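# What the coordinates show
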Amino acid sequence: MLNLLRLEYKKFRKNSVVSMLCFFFFLFTPAGMIVILGLQDVELPPPLPSAEMYYRFTLVWDAVGYIGSWTVFFFLGIAIIYSVTAEVRYKTLRQSMINGMPRTEFYLSKFYLVLSFSIIATLYYALISLVIGAFSTDQYDLAYMFENEWAIPRFFIMCMATLSFALFIAFWVRMSGLAIFLYYVYVISIEPSLRGLSSYFLDIGDWSKYFPMNIIEDLMPMPLYKLAGYLEMQREKADILIDYPIAMGLSTIFIFIFLGLAWLSFRKRDL
Amino acid sequence: MTVLKIQNLSKNYGVIRAVDNLSLTINTGQIFGLLGPNGSGKTTTLGMITGILSSDQGSYEWFGGQSKHPLKKIGTILETPNFYPYLNADENLEIVRHIKGGENKDFTDLLELVNLKERRKSPFASYSLGMKQRLAIAATLVADPEVLIFDEPTNGLDPQGIADVRNTLLKISETGKTIILASHILDEVEKICSHVAIIKKGKLLAEGPVGSILSNDTTIEIGATDRNGLGNYLNARTDIKSISIDGMYYNLSVEDGFKVEKLTEELARAGIFVTHLVTRKKKLEEEFLEITSKA
Ligand SMILES: Nc1ncnc2c1ncn2[C@@H]1O[C@H](COP(=O)(O)OP(=O)(O)OP(=O)(O)O)[C@@H](O)[C@H]1O
Ligand SMILES: [Mg+2]
């Protein structure tokens, strides 16, 4: 595993696109917290707690997690797609096979990239949440600090699921622009439309929330939903969320599905 | 020893039969030319034996099936040089080495061989076409492979670039490695290769040592002021195997022992005076055109 990761490092350490995307991830995950501060003042009706709540334990885990789910999607997801499609474009994927790298190893090297990105992003998430929480909360003890409903493994599963999806799109579509477009559009508009259409025409009611990206998003939902539920102001809205254990289980299944589909798209294809 | 054995290999692209029931055997130390016009299936064949294209029928076997990762012992250029554009020569070669598992991390000798030592620290994207091609040749030699495969290594190069690449290939061929060279340039194959297979439309037309494919025929290029008289006279002779017109002159294909001086003497006696005469061994090029035009 380390051998394959070292190879990926040699390939991309000098690549400006990948470096830039990683830099943006590290920058915008904490920086996004500032944005939340600005938005809260505008949107929330008076009875809700002040925006500073989001900086304190235990809500800080939800707030950073929500922002993290978008920075992982935008920056790390696109970095993963690029790491595959750039090799298609430069024909170095082809050349690697010609040079004797088995397809399994090439695939594994990209899977390990997904795995290490997920681990690093999760550690970074925990670090940011703890640091912001520690500076903003007046009184806390260790138990209270980590009172977060499995937020760390949840974040990790969210990363794995999002990046596995990116990996599948990359191996399947193979052209940089189209793959990134599809990845983005699927999450932003295709799946939401499908959900809308299916619940409208098929009368599946609540089931439309079990589309893959929605499940993954519900691992790290917008903290507003939770607060709303907590205040019993928007009960219905809170209900549209999937319970964490179910979302974690289903997302794990989707991780395997995406990884499997990525492998199937790559296994036999002419290069 | 058999390096590569191809048996009845075929591949279709839709209705196009790119490779048609091809069988070949290549042995250690051969410099094997795969010769065919554009679109004859050379690259497709090489793609299948290097595992990047699937075949529809048939099989191939490297090193008698003895090697677990045969491709790691083969250095290949297929069509174009493929490298990471933002990495320099050393970094790109290091990636090849990492995959192939060679020990030597110093590429100075290789870069010297292909004359790229001065530019080794510039990114690949900044190289000229010739430099890219030369880096690709260097990359095939990383980790000291037993077999080298070159697909049109001089494609798109200027005359100087072609000469450089050919000289490098000749140097490599002296090291005793087995080489497979696909080309539509006959001159190239003739100069470098010991064996040749001629393919067209995916089919094998002829195969063997370059000397045996090259027949012993001689070509005579001949011209006279009285062109029609010359033509009539030549057509009447029975010891000329074939006659074709090439611009001002006739091209005659004759047996090896043909006496040219007798021909000119007889022509003079018939009142036809020769103004132009060249005799030479028949070249692979003519052989190639003859073989492929019959198919
Ligand atoms: N990806 C593809 N899709 C469809 N047809 C293809 C594809 N690749 C090759 N072909 C067809 O297969 C045939 C053989 O092509 P190939 O590239 O193997 O020829 P070649 O001998 O390498 O030619 P060249 O000298 O031009 O490189 C051609 O008719 C070509 O059009
Ligand atoms: Mg070709």
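In case you missed it, the structure is sitting above this.
A brief report on the enclosed structure follows. Just so it is clear, the structure is predicted and the values come from calculations on it, not from any experiment.

The rules behind each value
- Residues numbered from 1 in each chain as written.
- Chains lettered and ligands numbered in written order.
- Predicted model: local features only at pLDDT ≥ 70, side-chain atom pairs only at ≥ 80, totals over all residues.
- Heavy atoms only, no water.
- Helix = DSSP H or I, 4+ residues; strand = E, 2+ residues; numbered from the N terminus.
- Contact = heavy atoms within 4.5 Å.
- Areas by Shrake-Rupley, 256 points an atom, 1.4 Å probe, with all protein chains shown as cover.
- Lys, Arg positive; Asp, Glu negative; His and termini not counted.
- Charge placed at Lys NZ, Arg CZ, Asp CG, Glu CD.
- Pairing = 2+ DSSP bridges.
- Axes fitted to C-alpha atoms, helices over the stretch in contact; angles between N-to-C directions.
- Phe/Tyr/Trp six-rings, centres within 6.5 Å; stacked < 30°, edge-to-face > 60°.
- Buried < 20%, exposed > 50% of the residue type's maximum accessible area, 1.4 Å probe, protein only.
- Near = heavy atom within 4 Å.
- Polar contact = N/O pair within 3.5 Å; in protein donor to acceptor, adjacent residues only side chain to side chain.
- Nonpolar A, V, L, I, M, F, W, Y, C, P; charged D, E, K, R; others polar.
- Core = buried A, V, L, I, M, F, W, Y, C linked by side-chain atoms within 4.5 Å.
- Buried area = accessible area lost by both parts, 1.4 Å probe.
- Salt bridge = Lys/Arg side-chain N within 4 Å of Asp/Glu carboxyl O.

Moving on to the overall build of chain B. On a plain count of helices and strands, chain B comes out with ten helices and 13 strands. Along the first, second and third principal axes, the C-alpha atoms of chain B reach 75 × 45 × 35 Å. Considering only residue pairs separated by 6 or more positions, chain B has 67% of its internal contacts joining residues 24 or more positions apart. For chain B, the exposed area adds up to about 13,300 Å²; of that, 50% sits on carbon and sulfur atoms. If the 34 positive side-chain charges of chain B are averaged to one point and the 37 negative ones to another, these points end up 4 Å apart.

Before going further, it helps to spend a moment on the sheet that holds strand β11 (residues 242–246) of chain B. Residues and elements named next belong to chain B. In spatial order, the strands read β11-β12-β10-β13; together these four strands make up an open sheet with antiparallel pairing. On the outer flanks of this sheet lie β11 and β13 (274–281), each paired with one strand and no other. Going across the sheet, the axis of each strand differs from the next one's by a mean of 20 degrees, ignoring polarity. Relative to β13, strand β10 (residues 218–224) runs antiparallel, the two being bridged by seven bridges. Each residue of the ladder has a partner; that of T219, found in β13, is R280. Relative to the sheet, helix α9 (residues 260–269) contacts β10, β12 (249–254) and β13, its axis offset from that of β13 by approximately 160 degrees.

A separate point is the packing of aromatic side chains. Residue and element names in this part refer to chain A. Per the stated rule, a full pass over the model turns up 35 aromatic pairs over all chains. Pairing W61 with Y125 gives two aromatic rings, centres 5.7 Å apart and planes at 70 degrees, and the pair type is edge-to-face. Of this pair, W61 sits in helix α3 (residues 59–89) while Y125 sits in helix α5 (residues 103–136), and the two are 64 residues apart along the sequence. We note that W61, like Y125, is buried. Both rings, one in W263 and one in F266, keep their centres 6.3 Å apart while their planes meet at 70 degrees; by these two values the pair is edge-to-face.

Residue and element names in this part refer to chain B. Taken together, the neighbourhood of ligand 1 is formed by Y13, I16, A18, P37, N38, G39, S40, G41, K42, T43, T44 and E152. In this structure, an oxygen atom belonging to ligand 1 sits 2.9 Å away from a main-chain N or O atom of G41. Between K42 and ligand 1, the recorded distance is 2.8 Å, taken from a side-chain N or O atom to an oxygen atom. Contact with the protein chains removes 62% of the 630 Å² of surface that ligand 1 exposes when unbound. If you list the elements that add at least two residues to the shell around ligand 1, you get β2 (16–27) and α1 (42–49). The element that contributes the greatest number of residues to the shell around ligand 1 is α1, accounting for three residues. Of the residues that constitute the shell around ligand 1, the class distribution is four nonpolar, six polar and two charged.

What follows covers the nonpolar core. A:V72, A:L167 and B:W62 are the most contacted members of the largest nonpolar core, which has 117 residues in total. Broken down by element, the residue count for this core peaks at 17 residues, all from α3(A). The contact partners of A:L167, leaving out residues within four places of it in the chain, are A:I80, A:V84, A:Y107, A:K110, A:F111, A:V114, A:L259 and A:A262. Judged by nonpolar contacts, the second largest core, of 41 residues, contains B:I77, B:V96, B:A139 and B:L169.

It is worth spelling out the interface of chain A and chain B at this point. Counting residues at the interface gives 26 residues for chain A and 28 residues for chain B. Considering only the side of chain A, the residues that lose the most area to chain B are A:K10, A:I98 and A:N99, jointly responsible for 26% of the buried surface there. In this assembly, chain A and chain B are joined by five salt bridges. B:K11 is the salt-bridge partner of A:D270, the closest N and O atoms lying 2.8 Å from each other. For the pair chain A and chain B, the number of links is 14 residue pairs in polar contact (both at pLDDT 80 or more). Where the side of chain A that touches chain B is concerned, the elements lending two or more residues are α1 (2–12) and α4 (92–98) of chain A. For the side of chain A that touches chain B, the residue count by class is eight nonpolar, seven polar and eleven charged.

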